[in-house]
Amino acid sequence: MAKNKDVPEKIPRAGNRTAADKPEGGSGKKGTQSPFPMVGLGASAGGLEALKTFFAAVPETGGMAYIVVVHMSPKQPSIMPELLQKVARIPVAAAEDGRRIEPDHAYVIPPDKEITVYQGRLQLLDKVKKGASHVIDLFLRSLAQDQGRNAAAIILSGTGSDGTFGINDIKANEGLVLVQSEESAGYDGMPRSAINTGLVDMVLSPEEMPQKLVHYFSHPPAREDIKAGKSDDERQWLNKIFAILRTQVGHDFSPYKPNTTLRRIARRMSLNQIDDRDTYVRYLRENPGEVEALFRDLLIGVTSFFRDAKSFEALKTNVLPRLLARVNEGEIFRAWIPGCATGEEVYSLIMVLREVLDQQPQQIKLQVFGTDIDNHAIDKAREGLFPASIGADVSDTRLERFFVREGDFYRIRKEIRDCVVFSVQDVIKDPPFSRLNLLCCRNLLIYLNTEAQKKLLPLFHYTLAPGGVLMLSSSETIGGFTHLFDTVDKKWKLFKRKDIPQALRQIVTFPSGRSPAGPAHEAAPTLPPAPRLDMNQLTRQAILDQFAPTAVLIDAKGEILNVQGRTGKYLETPSGLPTYNVLDLAREGLRIELSSALRAARSGSERVTRKRLSVKTNGEVQVIDLHVCPLKDFKALAGRFLVVFEDVKMDLMTDHQRGGATELPPGESARIAELERELQVTRERHQTVIEELESSNEELKSTNEEMQSSNEELQSTNEELESSKEELQSLNEELQTVNAELQSKMEELSSAQDDMRNLLDSTEIATIFVDNDMRIRRFTEAATAIVNLIPTDMGRPLGHVVSNLNYDAMLPDLREVLRKLTPKETEVQTDEGRWFNMRIMPYRTTDNRIDGAVLTFAAIDDQKKAQALLQDAVKETENARELVRAVFDMNADPMAVLDKEVRIIIANTAFSEIAELTQDELTGMDFVAARPDLSKAADLTAPLKTALEQNRDFETSAFDVKTPEGNQRFRIQGRIIKKDPQFPYRILLHFVTIP
C-alpha cells in the first residue's frame, strides 16, 4: 500500500508523526511529551447515535485523545470504529494492547475486553466476571489515576449505572465530568444515575460537548495553580465570594485551605468561560444556581466503599476487637464519621463492626452518626441505594450479606440502616456528638487551614470517651496535639485518646447560630450604647425569679418553645440526637403523668393538674404538683400549652389533719394521708390507662380496617403485576424474535458486504466513493496505487490525500458532476506513466437521492499501445498513399481510382488538369459530377455499371475531350483492382491518349 504524502499544514494529520519526532505517552512524566487531555466516553444502549453526533462535532486539531468504552456483545465483531470514522474528522481505530495514546485520535474498546490506561498507553484485559459488566467504571478510575487533572469523563445514553462510580475518581483528581442531557439520550439510565451523584460539571447534548471540552482545557485559569495571598485585591475578591456563599448556602468557607479553594473557583470560571474575577463575582450574585454549583465543587464530596481497604483491615484487626471488648453487655457502641458525603464510609464501618461482633460473645448495640455539610449528599446516604458497580469495591460475600439487589442497584439491608443516623452538620460551627468510642475523620482535615485544624483536634479529644480511638486518613496527622492522643498505628493514622487532667485541657467552645460575619482579622463591630434601665421591668423580673414556679411553653406536639426558670430537676437531655420534645426530656416519674395531663388538656381544653408526683432527681425524690394549662386568652399563643412544675414540701402533707375531730398519733396520720394520696393517684392512673386502652383499641380497629383495605389493594396490585409480568414476558419473546431477525439481517449484510468487496476486487478497477462533502466513504485496494489511501483515511476529505496522478482537475471535475449530475469521463496518467480512464458518476441511493459520487479508474495501457500501433499503421498507409500518388503522377495519361459508388478515391495530376480541379477536391467526388461532358462523351454509364455488377474489366471506344491544351482523343480502359470483401470494390480508369 502506498504511503500518504504530506497534507496541508493547516490541517495536520495526527498519524504521520514518527516515534523520532513525537515522545511517548500523555501523562506528562519525565521523558515523555507534554501532557494533553484524554477524554473517556462511556455509553451503552442508544449510545451509537450519541457518539456519532459527538464525533461529528469534534475538531480535527483539538489536541485531545478520545477513548470510547461501550457495552458490546462478546461474540459479535465490532464495526463501531468504521461507523464512527464515517462522521469523524480524526482517525478512529480499535484499541490495541500497549498502544501509545496520541492526541487527535479516537480509540474504541474491542468486544469481550476491559480497558485501562497506564502511563499514557492502552492496556486491554480479558473479562474475569460474567454477567453485568462495569467496564466504564474500571476505565474511568484508571484514567483518573493516570492523568489526574487532564482527564475528562463523558457519560452518554445507556441503561444501568455503569460510570457512576468512575466519575467519583475523576472528580477526586480534579478532572472534568460531562453528562448527556436526559432529553437527548435514547436511554436515560446512565445519565440520570451520574447526575444524581451531584458531581457532574455540565449536562449537555452531545453536539455541544466538544466545544466545551476545547474551551475548558485551553482556558488558562483551569490549567494553572493559583497561589493565595498574592495581594490584598485577591484576598478581598476571595472574601466577597465567601460572603456570597455564606449568605446563600449558610456556610463559611474561610477555614478551608486557600490554594484548594482558589483552584476550585478557577475551575468554575473556566467552565462558565469567564476570565475576569470581578465578572465572576457579578455572575455569582446574578445566578443562584452557580452559587450552588460552586458550593458542591468546594465540598469535594468524593467517597467510595472501603476506601483505602487496608486501613479498614487494620481497624478491624488491631482496634475494634479491643474497643468492643470494653463495652458491657447491652450497652451502645457509639461512632461518628464527620464529612461522610453519600454514606459509603459509614456503611463500610458498620459492615466491619458487624463482622467483628460476630466473633464477640456479648450483645452490643451500634449507634453510628454520619454527618456532612451537604444536605443533598445526606439525602443520598439516607436512601442507602447504590449502583451495581460497587461490586468493584465490595466483596461478593459482603454484597450477599449486607445488601439487597434491586435491578441495577444494591440497597443496604435494614439491619445496617437502623444502626446509623445521618444529619446535616457543619463540624466547624455546630455542636459535636459526645461519649464516642470511635471517631473516623478521614480526608477532611487536609482541606482545612491550620487554624481550623487546631480547633477541631481538641474538639475530637473532647467528644471521645476514655480509651476512644480517632482514625484519620493516611495523608493527615494530629500535628502538635501529641499530648492529647497516643499513636496506635502510625501507618494508618489510628490514635487513642489520652486521659489528661481537666486543668491541662484546652477550652473547647461550641458556637451556635450563624457563622461569624467575616474573617478573624477583621475588626469587631462597634457595640450599641447600653439602653436606659427600666425599673418596672427589673422589679417584675426579680419577683418572677424569686416566687414564680418553673414553667415551659410547648406546642400541641410537645415541642418546647420557651423556658422560664431552671428545669434541671424536672427535665434532662437524653443520649443520642438532641431533642426539644418535653416528653423525651421528662425525668423518671414525670413522663407518664405529663403525657396523660397533656392529652387531657388537648381533649378538654381545660387546665389539668396532677398532684403529689414523685420525680427522681439526681438520686433523690422531689414531690411536685404538675399543671398543664391550655392558653386560650392570647391569640398569639393559641394552641400552645403552659406546663408548670410546682415543688411541694413534705411537711405540708399533714396540715389538713391538725383540725380533725379525731386525734391520731402524728406518725399514723401522716401514713394514712400518704396512703390515701397514693390510692387516689393509682385510681386516676388506672382510669387514664383504661381511657388510653379504649382509645388504642379504637385506633387499632381503624388501623385493622385500613390494613385490610390496603391488603385488598396490594392483592389487586399483585394481580396487575402478574399480568404485567406476562405481558413483559411476551414482549421479551417478541424482542428476542426481532433480535434474531436483526441478527439474520446483519449476517446477510455482512455476506453482501463480502460479495461487494470481492466483486470490486475482482474487477481490478480502482474505485473511490465520496459523499457530498467529498469525504472518503470507501475505496478498493486497487485505488491505493492511484491515490495514497490508508484505512484511517475514511471520513477525511479527498483533497487532504495526495494522489499520484498528473492531473489537477480531479476535484473540480467532482464538483461539476455533483452540481450538474452528469457523468464525466477522461483519460489520466500517473507519475509512473500508467494510463487510466477516469469516470465520475453521481452516487444514487435506493430512494433516488444523490449522496456523493463514484470515481472509477480503468486501466487502458493496452488500448493506448494499440492506439499507438494504429497511428503508426495510419502513418504507413499515408506514406503508401503518397507513393501511389507519386506513381500515378509519373504517368502522363490521366488516371483515377473509383469505389463501388463511383466516387473518386485518388486521381493523378493529368486527370486533375483535364477536370480542372485539384487532387484534394477530386477525392470523394462523384466521377460523373467531376466532368459530366467527359462521361457523356465516353458513354461510361453502362460500362461502369456492368463492370461493377459483374466484377470484370472493360474498354471503351475512342472519344474526343476538350482540354486546356485543346481537343484530345482518348480511349478508357477499366480494370478491377481488388476483390477483398472487407473493402469496397475499386476500379482503375486509365485514359489512353490516341495521337
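Residues numbered from 1 in each chain as written. Predicted model: local features only at pLDDT ≥ 70, side-chain atom pairs only at ≥ 80, totals over all residues. Heavy atoms only, no water.

Asks: Which residues make up the overall build of the chain, and what values go with them?
Replies: Regarding its fold elements, the chain presents 28 helices and 35 strands. Across the 995 residues of the chain, 43% fall into the buried class. Here the analysis covers contacts within the chain between residues at least 6 apart in sequence; of these, 61% occur between residues at least 24 apart. Put simply, the chain shows about 54,300 Å² of open surface, and 51% of that area lies on carbon and sulfur atoms. (Helix = DSSP H or I, 4+ residues; strand = E, 2+ residues; numbered from the N terminus. Buried < 20%, exposed > 50% of the residue type's maximum accessible area, 1.4 Å probe, protein only. Contact = heavy atoms within 4.5 Å. Areas by Shrake-Rupley, 256 points an atom, 1.4 Å probe, with all protein chains shown as cover.)

Asks: Go over the side chain of R442 with me, naming the residues and quoting the values.
Replies: Along the chain, R442 falls in the loop between β16 (436–440) and α17 (450–463). Looking at R442, its side chain comes within polar contact range of the side chain of E345, at 2.9 Å. Leave out the neighbours within four places in its chain, and R442 touches R307, D308, S311, F312, E345, M471, L472, S473 and E476. (Polar contact = N/O pair within 3.5 Å; in protein donor to acceptor, adjacent residues only side chain to side chain.)

Asks: Outline the environment of Q360, supporting the account with residue identities and numerical values.
Replies: With respect to the secondary-structure elements, Q360 resides in the loop between α13 (344–357) and β11 (365–372). For Q360, a relative accessible area of 18% gives the class buried. With 39 residues separating them along the chain, Q360 and P321 place their C-alpha atoms 8.0 Å apart. The residues contacting Q360, other than those within four sequence positions of it, are P321 and L324.

Asks: An account of the nonpolar core is requested, with residue identities and associated values reported.
Replies: L41, L51, F55, Y66 and L213 are the most contacted members of the largest nonpolar core, which has 61 residues in total. Among residues more than four places away in sequence, those in contact with Y66 are V39, L41, F54, F55, V58, I90, H105, A106, Y107 and L213. In terms of nonpolar packing, the next biggest core, distinct from the first, is built from 47 residues, W237, L436, A452 and L459 among them. (Core = buried A, V, L, I, M, F, W, Y, C linked by side-chain atoms within 4.5 Å.)

Asks: Please provide a residue-by-residue account of helix α11 (residues 288–299), values included.
Replies: In this model α11 runs 17 Å from its N-terminal to its C-terminal C-alpha over 12 residues, within 8% of the 16 Å that 1.5 Å per residue would give. When α11 is considered as a whole, its buried residues turn out to be E290, V291, L294, F295, R296, D297, L298 and L299. (Expected span 1.5 Å × (residues − 1).)

Asks: Could you give an account of unusual backbone geometry, naming the residues involved and the relevant values?
Replies: A positive phi is found at E174, a non-glycine position, where the angle reads about 65°. Position of E174 relative to the elements: it lies in the loop between α4 (164–172) and β8 (176–180). Overall, the relative accessible area of 14% leaves E174 in the buried class. The phi dihedral of R612 falls on the positive side, at around 55°, and the residue is not glycine. Along the chain, the position of R612 falls in strand β22 (residues 608–617).

Asks: Can you break down the pairing of strand β23 (residues 620–630) residue by residue, with the values?
Replies: The buried fraction of β23 is high, at eight of 11 residues. Relative to β23, β22 is paired through eight bridges, and the arrangement is antiparallel. Across the sheet, R610 pairs through a bridge with L626, a residue of β23. Across seven bridges, β23 lies against strand β24 (residues 641–647) in antiparallel orientation. Looking across to β24, one finds that P630 is bridged to F641. (Pairing = 2+ DSSP bridges.)

Asks: An account of the sheet that holds strand β21 (residues 560–564) is needed here, citing residue identities and associated values.
Replies: Pairing is antiparallel across the open sheet formed by five strands, whose spatial order is β21-β20-β24-β23-β22. Single-partner strands in this sheet number two, and they are β21 and β22. The mean angle between the axes of side-by-side strands here comes to 25°, regardless of whether they run parallel or antiparallel. (Axes fitted to C-alpha atoms, helices over the stretch in contact; angles between N-to-C directions.)

Asks: Tell me about the confidence of the model for the chain, residues and numbers included.
Replies: Chain-level pLDDT for the chain is 79 on average; 84% of the residues reach the 70-or-more range. Ignoring residues within four places in sequence, the model shows residues 652–662, a span with pLDDT below 50, making nine contacts including any to other chains. (pLDDT = per-residue confidence, 0-100.)

Asks: Provide a residue-level description of the packing of aromatic side chains, including the pertinent values.
Replies: Counted according to the given criterion, the structure contains 21 aromatic pairs. Look at F253 and F295: their rings are 5.9 Å apart centre to centre, the planes differ by 75°, and that puts the pair in the edge-to-face class. With F253 in the loop between α8 (232–249) and α9 (258–271) and F295 in helix α11, this residue pair connects regions lying 42 residues apart in the sequence. Accessibility expressed as a relative area gives 1% for F253, which makes it buried. Here F295 falls in the buried class, since its relative accessible area comes to 3%. Relative to F422, the ring of Y347 lies with its centre 5.6 Å away and its plane at 65°, an arrangement referred to as edge-to-face. One end of the pair, Y347, is in helix α13; the other, F422, is in strand β15 (residues 420–424), and 75 residues separate them in sequence. (Phe/Tyr/Trp six-rings, centres within 6.5 Å; stacked < 30°, edge-to-face > 60°.)

Asks: Residues and numbers for the pattern of salt bridges, please.
Replies: Within this structure, the stated rule accounts for 38 salt bridges. For R268, the salt bridge is made with E290, and the minimal N-O distance between the two is 2.9 Å. Separated by 22 residues along the polypeptide, R268 in helix α9 and E290 in helix α11 bring together distant segments of the chain. By the burial criterion, R268 is buried, and E290 matches it. A network of salt bridges, in which partner residues are shared, links K171, D201, R267 and D297. (Salt bridge = Lys/Arg side-chain N within 4 Å of Asp/Glu carboxyl O.)

Asks: Report on the pairing of strand β25 (residues 766–770), specifying residues and quantitative values.
Replies: Of all five residues in β25, five are buried, a share of seventy percent or more. Pairing geometry for β25 and strand β29 (residues 850–859), over five bridges, is antiparallel. Within β29, the position partnered with F769 by the bridge is V854. In this structure, the hairpin formed by β25 and strand β26 (residues 776–779) is closed by a connection of five residues, where M774 is found at a positive phi of approximately 60°.

Asks: Run through the packing of α9 against α11, naming residues and quoting values.
Replies: The interhelical angle for the contact between α9 and α11, taken along N-to-C directions, is 140°, at an axis separation of 10 Å. Classified by the angle their axes make, α9 and α11 are oblique. You can see that α9 and α11 cross each other, and the crossing is right-handed. Note on element contacts: α11 touches α9 through E290, A293, L294, D297 and L298, opposite T261, R264, I265, R267 and R268. (Parallel < 35°, antiparallel > 145°, perpendicular 65-115°, else oblique. Left-handed = near helix turned anticlockwise from the far one by under 90°.)

Asks: I'd love a proper account of α17, names of residues and values included.
Replies: End to end, α17 covers 20 Å across 14 residues, agreeing with the expected 20 Å (1.5 Å per residue, within 8%). Residues of α17 that are buried include every one of A452, L456, L457, P458, L459, F460, H461 and T463, and no others. Those residues of α17 that are buried lie in contact with β10 (332–338), β16, β17 (464–471), β18 (485–489) and β19 (494–497).

Asks: Tell me about the sheet that holds β19, residues and numbers included.
Replies: Reading across the sheet, the seven strands line up as β15-β11-β10-β16-β17-β19-β18 and stay open at both edges, with mixed pairing between neighbours. Across the chains shown, the open sheet's two edge strands, defined by having one partner strand only, are β15 and β18. For this sheet, the mean inter-axis angle between neighbouring strands, taken without regard to orientation, is 20°. With four bridges connecting them, β16 and β17 associate as parallel partners. Bridge assignment links L439 to a residue of β17, and that residue is L470. Strand contacts of α13: β10, β11, β15 and β16, with the helix running at about 165° to β11, the strand carrying the most contacts.

Asks: Go over the packing of helix α3 (residues 135–147) against α4 with me, naming the residues and quoting the values.
Replies: Contact pair α3 / α4: the axes reach a minimum separation of 7 Å and the direction vectors enclose 5°. It follows from the interaxial angle that α3 and α4 lie roughly parallel. In this structure, α3 uses D137, L140, R141, A144 and Q145 to contact α4, whose residues at the interface are T164, F165, G166, I167, D169 and I170. Split into classes, the residues belonging to the contact of α3 with α4 amount to five nonpolar, three polar and three charged. (Nonpolar A, V, L, I, M, F, W, Y, C, P; charged D, E, K, R; others polar.)

Asks: Give a detailed account of a negative patch on the surface, specifying residues and quantitative values.
Replies: Negative charge collects at one region of the surface, where D233, D275, D276 and D278 lie side by side. For D276, the location among the structural elements is in the loop between α9 and α10 (277–286). (Patch = residues over 30% accessible without salt bridge, like charges linked within 9 Å, V, L, I, M, F, W, Y side chains within 5 Å. Lys, Arg positive; Asp, Glu negative; His and termini not counted. Charge placed at Lys NZ, Arg CZ, Asp CG, Glu CD.)

Asks: An account of the environment of N618 is needed here, citing residue identities and associated values.
Replies: By the secondary structure assignment, N618 is in the loop between β22 and β23. Separated by 49 residues in the primary sequence, N618 and K569 have C-alpha atoms spaced 8.1 Å apart.

Asks: Mind laying out the environment of L631, listing which residues take part and the relevant values?
Replies: Tracing the backbone shows L631 in the loop between β23 and β24. Residue classification places L631 among the buried residues on the basis of a relative accessible area of 15%. Residues L631 and L553, spaced 78 residues apart in sequence, show a C-alpha to C-alpha distance of 9.7 Å. The residues contacting L631, other than those within four sequence positions of it, are L553, L637, A638, G639, R640 and L642.

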